[in-house]
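For reference, the chains in residue letters:
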Amino acid sequence: MQVKSKCNVISKLATGTGLKVLIVHARWNSTVVDSLVNRTIERLVELGVRNADISLKSVPGSFELPYAVSQLASQYDAVIAIGVLIRGDTMHFELIAEAVCRQLLQQQMQIERPIIFGVLACNTEDQALERAGLIQGHRNLGEDWAEAAVEMASLDVLKR
Ligand code: DLZ
């Protein structure tokens, strides 16, 4: 039996109309990051978010994502944090991946805004290229992040 790796993410009711979304992305591994960011934007627009309601902010590396989110998130209905970590010869990868994940989760609860985890922690460059749809036959994960942002922001708007 084949396991479904992607749930049917977007709820039928969720629409991006009227939502303000921030994408914060790292500049490391920019070929992969740019492809992920572009597909995220494209999918947000397909879901009804206006181009004018999508803001972009870049930071040097993934380690800087949580601070940028903490400073900016409250002005938006959802934030998508995007970075690509590729394992190297040192402990950097483990330290950053773990810390960034924990901090983004914590920010989400503190700021009470959905923060979508678009940080890839890959063992190889090929894994990163695959997940950005840059290797034939592979899907770009940016579309899942856009769908998750719209669905989660819609929950939040209903509550207010
Ligand atoms: C230093 C570093 C390394 C080695 N690798 C990556 C990476 O693969 N992806 C990424 O987004 N950032 C990397 N960085 C930079 C750190 O995230 C951070 O920007 C610096 O340590 C400065 O705080």
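Residues numbered from 1 in each chain as written. Predicted model: local features only at pLDDT ≥ 70, side-chain atom pairs only at ≥ 80, totals over all residues.

S.K.: Talk me through the overall build of the protein; I want residue IDs and the actual numbers.
M.R.: Secondary structure summary: the protein contains five helices and four strands in total. Listing the helices and strands of the protein from first to last along the sequence gives β-α-β-α-β-α-β-α-α. Here the protein, with 160 residues, has 39% of them falling under the buried criterion. The long-range share in the protein, meaning contacts at least 24 apart out of those at least 6 apart in sequence, stands at 81%. (Helix = DSSP H or I, 4+ residues; strand = E, 2+ residues; numbered from the N terminus. Buried ≥ 20, exposed ≤ 12 C-beta atoms within 10 Å, placed from the backbone. Contact = placed C-beta atoms within 7 Å.)

S.K.: Please give an account of the site of the ligand that cites residues and values.
M.R.: As a matter of local geometry, the ligand sits amid 15 residues, with A26, W28, G61, S62 and F63 nearest to it. Broken down by secondary-structure element, the contributors of at least two residues to the shell around the ligand are β3 (78-86) and α3 (92-111). Ranked by the residues each element gives to the shell around the ligand, the list is headed by β3, at four residues. Grouping the amino acids of the shell around the ligand by side-chain chemistry returns eight nonpolar, six polar and one charged. (Near = placed C-beta within 6 Å. Nonpolar A, V, L, I, M, F, W, Y, C, P; charged D, E, K, R; others polar.)

S.K.: Summarise helix α1 (residues 30-46); cite the residues concerned and give the values.
M.R.: A rise of 1.5 Å per residue sets the reference length of α1, with its 17 residues, at 24 Å; its end C-alpha atoms lie 24 Å apart and thus fit the reference within 8%. All of the buried residues along α1 are V32, V33, S35, L36, V37, R39, T40, R43 and L44. One or two positions beyond α1, positive phi appears at G48, with a value near 105°. (Expected span 1.5 Å × (residues − 1).)

S.K.: Which residues make up unusual backbone geometry, and what are the values?
M.R.: Positive phi, close to 55°, is recorded for N29, a residue that is not glycine. Despite not being glycine, E112 shows a phi value in the positive range, around 55°. The residue E112 is located in the loop between α3 and β4 (115-122) in this model.

S.K.: Give me the lowdown on the nonpolar core, citing residues and values where you can.
M.R.: Within the largest apolar cluster, 41 residues are counted, with the highest numbers of intra-cluster contacts made by V21, V69, A78, V79, I80, A81 and A149. Every element with two or more residues in this core is listed here: β1 (21-26), α1, α2 (65-72), β3, α3, β4 and α5 (142-159). Per element, the largest residue contribution to this core is seven residues, and it comes from β3. Excluding its chain neighbours within four sequence positions, the residues that come into contact with V79 are L22, V24, V69, A73, R113, I115 and I116. (Core = buried A, V, L, I, M, F, W, Y, C linked by C-beta atoms within 7 Å.)

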